[in-house]
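Here is how the chains run, residue by residue.
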Amino acid sequence: MSVVDVKQGSSPVILGLPHTGTEVPADIWDRLNENGQLLADTDWHIHTLYDGLLPEATTVRATFHRYVIDANRDPEGISLYPGQNTTGLIPETDFDGRAIWRNGEKPAAADTQKRLEQFHKPYHAALAAEIKRVQDIHGLAILYDCHSIRSHIPFLFQGKLPDFNIGTNQGTSCAPEVAAATGRFAFAAPGYDGVMNGRFKGGWTTRHYGRPQLGIHAIQMELAQSTHLQSEAPPFAYDETKAERLRKHLKDILENLEQTAFKLGS
Ligand SMILES: N=CN[C@@H](CCC(=O)O)C(=O)O
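Residues numbered from 1 in each chain as written. Predicted model: local features only at pLDDT ≥ 70, side-chain atom pairs only at ≥ 80, totals over all residues. Heavy atoms only, no water.

By the naming in an unreviewed UniProt entry, the protein is Formiminoglutamase, taken from Phyllobacterium myrsinacearum.

1. Let's talk about the nonpolar core
The biggest cluster of nonpolar side chains holds 34 residues, and the ones touching the most others in it are Ile14, Phe64, Tyr123, Leu127 and Ile131. Breaking this core down by element, the ones donating at least two residues are β3 (58-62), α3 (109-138), β4 (141-149) and β7 (216-224). For this core, the element with the highest residue contribution is α3, accounting for seven residues. The contact partners of Ile131, leaving out residues within four places of it in the chain, are Ile14, Ala141, Leu143, Tyr209 and Ile216. (Core = buried A, V, L, I, M, F, W, Y, C linked by side-chain atoms within 4.5 Å. Buried < 20%, exposed > 50% of the residue type's maximum accessible area, 1.4 Å probe, protein only. Helix = DSSP H or I, 4+ residues; strand = E, 2+ residues; numbered from the N terminus. Contact = heavy atoms within 4.5 Å.)

2. Re the pattern of salt bridges
A side chain with one charge can pair with a side chain of the opposite charge if their charged atoms come near. One pass over the structure, following the stated rule, counts 16 salt bridges. Across the salt bridge formed by Arg98 and Asp96, the nearest N and O atoms sit 3.6 Å from each other. For Arg98, a relative accessible area of 43% puts it in the partly exposed group. Residue Asp96 is classed as partly exposed on the basis of its relative accessible area, which comes to 29%. Linked by salt bridges that have partners in common, Asp41, Asp94, Asp96, Arg98 and Arg150 make up one network. (Salt bridge = Lys/Arg side-chain N within 4 Å of Asp/Glu carboxyl O.)

3. Section: the environment of Gly194
By secondary structure assignment, the location of Gly194 is in strand β6 (residues 194-196). In this view, Gly194 contacts Pro162, Phe164 and Phe187; residues no more than four positions away in its chain are not counted.

4. Focus on helix α4 (residues 176-188)
Every α-helix carries 3.6 residues per turn, so stepping three or four residues along brings you back to the same face. In this model, α4 (13 residues) spans 18 Å end to end at C-alpha, consistent with the 18 Å of a helix rising 1.5 Å per residue. Along α4, the positions that sit buried rather than exposed are Val178, Ala179, Ala181, Thr182, Gly183 and Ala186. (Expected span 1.5 Å × (residues − 1).)

5. Thoughts on the confidence of the model for the protein
For the protein, the average pLDDT comes to 97, and 100% of its residues sit at 70 or higher. Scored as a complex, the prediction yields pTM 0.98 and ipTM 0.97. (pLDDT = per-residue confidence, 0-100.)

What follows is the structure, given as structure tokens:
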């Protein structure tokens, strides 16, 4: 299986898709318990939701599931949110805090090393190469990292998650113009709510690549799955009607981001 799927485009915008993959090698699959085999924490259908919205955007998509190894976590294993409930580089639990591995099958340090080499490194090598290619063309690059999550997860946050959750690592991962361009259409979308740097401030990808002073702007969009799924439970089916409504706003956001990149680069 190919670990990463890259589609090159001429736009200054790159879409990162670290969590839409559902492929799990057989030997790892056999170690997941029944709960783990639900793959519940997938960013379900996110590549379909964004498909074609900005035709010249480059896309970099991990094909492997985050339970194999999480492409949006620090390869050193450092927690995204020290002291808070979160999931790790190879998660031990799902987002509800329930075990995902069979008894005695929890991955060990040697598994982590192997999966870093086989999955995490190739994904990030491809992403870094695309950022460099785009920056060589335009003088800058905007990495828009695409995510989704259930809107109610008491293990991770209280109450209902807003629809659009934009993360810029507290304003450090991109220029203010990039954050404003993303927020402008997200926060004005009728019937939706949103927040900047709320519960989700940007994962390792956003934090690692976002170097606005060097022309690399990274921003994370975490969508509540209630905006585009029929139900936030198995089988996590796509809701065409909800998705079509949402896609109009996502298209506005991405087109505005692209225009902002051209302005920043001129
Ligand atoms: N759908 C995935 N969500 C991200 C959120 C990262 C963050 O805390 O901002 C993840 O777990 O990697």
